[in-house]
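Report on the structure
Chain by chain, the residues:
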Amino acid sequence: MRPVVLVGPSLKGYEVTDMMQKAIFDFLKHRFEGRISITRVTADISLAKRSVMNNPNKQAIVSSPAHLAEVQSEVERIFELARTLQLVVLDADTINNPSQLSKTSIAPIMVYVKINSTEVHTHTHTHTHTHTHTHTHTHTHHQQPLSAQQNLHRPHHGLRQDQLY
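This report concerns the structure included in the present document.

**A few points about the overall build of the chain**
- Counting secondary structure elements, the chain contains six helices and four strands.
- Ordered by position from the N terminus, the helices and strands of the chain form the series β-α-β-α-α-α-β-β-α-α.
- When the 165 residues of the chain are sorted by exposure, 38% land in the buried category.
- For the chain, the exposed area adds up to about 9700 Å²; of that, 57% sits on carbon and sulfur atoms.

Written as structure tokens, this is what we have:
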């Protein structure tokens, strides 16, 4: 069974994305109770491209052997989870665009989370800004709507429009 990866509405690590994806994970966990495995992936699985993993010369250029071993271990763990024939959902910290996984052996089903209303981004920014007054948080929250807009207009290589929803 192919794993599922959520992408969007903004970049990973931003509050609006993390909150939205957590809500979807919670819904899926309850809806498919006993038939789902939601697992966090911290390794950069975008490095699991077939061309990199099968070519020692490219491996040396892309990353250290220890890092690639971690990536390979994560990929094997994902395949083991998929063998259980349960729905496997990956919470991948490093994936922000479907093109990052397009040439990997994982071949996931990509689900693009889109927010049509910018009020969600604005409300999240305003609510957080009133509770935190640090420069870092303010700068980061100004980036959320911008990143969401860029994600909306970013080309989704190899995906038809009906595959984005």
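**Observations concerning the side chain of Thr 17**
- By the element assignment, Thr 17 lies in helix α1 (residues 15-31).
- Overall, Thr 17 belongs to the buried group, its relative accessible area being 1%.
- There is a polar contact of 3.2 Å between the side chain of Thr 17 and the backbone oxygen of Leu 11.

**Side note on the sheet that holds strand β4 (residues 109-112)**
- Read from one edge of the open sheet, four strands run β2-β3-β1-β4, paired in parallel fashion. Both outer strands of the open sheet, β2 (36-41) and β4, are each paired with one neighbouring strand and no more. Geometrically, the sheet is characterised by an average inter-axis angle of 30 degrees between neighbouring strands, direction not taken into account.
- Running at roughly 160 degrees to strand β3 (residues 87-92), α1 makes contact with β1 (4-7), β2 and β3 of the sheet.

**Structural notes on the nonpolar core**
- Membership of the largest hydrophobic core comes to 20 residues, with the highest contact counts inside it found for Val 5, Ile 45, Leu 90 and Ile 95.
- When contributions to this core are tallied by element, the ones reaching two or more residues are β1, α4 (65-82), β3 and β4.
- The element contributing the most residues to this core is α4, with five residues.
- Not counting residues up to four positions away in its chain, the partners in contact with Ile 95 are Val 5, Val 7, Lys 12, Ile 45, Ser 46, Gln 100, Leu 101 and Met 110.
- Membership of the second largest hydrophobic core comes to seven residues, among which are Leu 6, Leu 28, Ile 36 and Val 113.

**Comments concerning α4**
- Across its 18 residues, α4 extends 26 Å between first and last C-alpha, which sits within 8% of the 26 Å expected from 1.5 Å per residue.
- Among the residues of α4, those classed as buried are Leu 68, Val 71, Glu 74, Val 75, Ile 78, Leu 81 and Ala 82. Projected down its long axis, α4 carries its buried residues within an arc of 140 degrees, all on one side. More than 90 degrees from the buried face of α4, the exposed residues found are Pro 65 and Ala 66.

**As for the pattern of salt bridges**
- Using the criterion set out here, one finds six salt bridges in the structure.
- With its nearest N and O atoms 2.9 Å apart, the salt bridge here joins Arg 77 to Glu 74. Linking Arg 77 with Glu 74, this pair stays in helix α4, spanning three residues, or about one helical turn.
- Exposure remark for Arg 77: the relative accessible area of 30% places this residue in the partly exposed category.
- Counted as one network, the salt bridges with shared partners bring together Lys 12, Arg 40, Asp 91 and Asp 93.

Scoring rules and cut-offs
Think of each chain on its own: its residues are numbered from 1, step by step along the sequence as written. Residue-level local features of this predicted model are given only where pLDDT is at least 70; pairs of side-chain atoms are given and counted only at 80 or more, and the full residue set underlies all totals for whole chains, interfaces and linings. Based on all heavy atoms of the structure, the side-chain values leave hydrogens and waters out of the count. Put simply, DSSP marks the helices as runs of H or I at least four residues long and the strands as runs of E at least two long, and each gets a number from the N terminus on. The buried label applies to any residue whose accessible area, calculated with a 1.4 Å probe on protein chains only, is under 20% of its type's maximum; exposed applies above 50%, and partly exposed to all values in between. Surface accessibility follows the Shrake-Rupley procedure with a 1.4 Å probe radius. Residue values consider only the protein chains on display as shielding. Polar contact is defined as a pair of N or O atoms within 3.5 Å, subject to the rule that within protein one atom must be able to donate a hydrogen and the other to accept it, and that residues adjacent in sequence are counted only when both atoms are side-chain atoms. Strand pairing is assigned whenever DSSP identifies at least 2 bridges connecting the two strands. Fitted lines through C-alpha atoms serve as axes, helices being fitted only where they are in contact, and the angles separating the N-to-C directions of these axes extend from 0 to 180 degrees. Two residues qualify as a contact provided that any one of their heavy atoms is within 4.5 Å of a heavy atom in the partner residue. Within this scheme, the nonpolar core is defined by two criteria: the residues are buried Ala, Val, Leu, Ile, Met, Phe, Trp, Tyr or Cys, and they are joined through side-chain atoms within 4.5 Å. Take the residue count of a helix, subtract one, and multiply by 1.5 Å to get its expected span. The directions considered for the arc run from the helix axis to the C-beta atoms. Between Lys or Arg on one side and Asp or Glu on the other, a salt bridge is scored when a side-chain nitrogen of the former is within 4 Å of a carboxyl oxygen of the latter.

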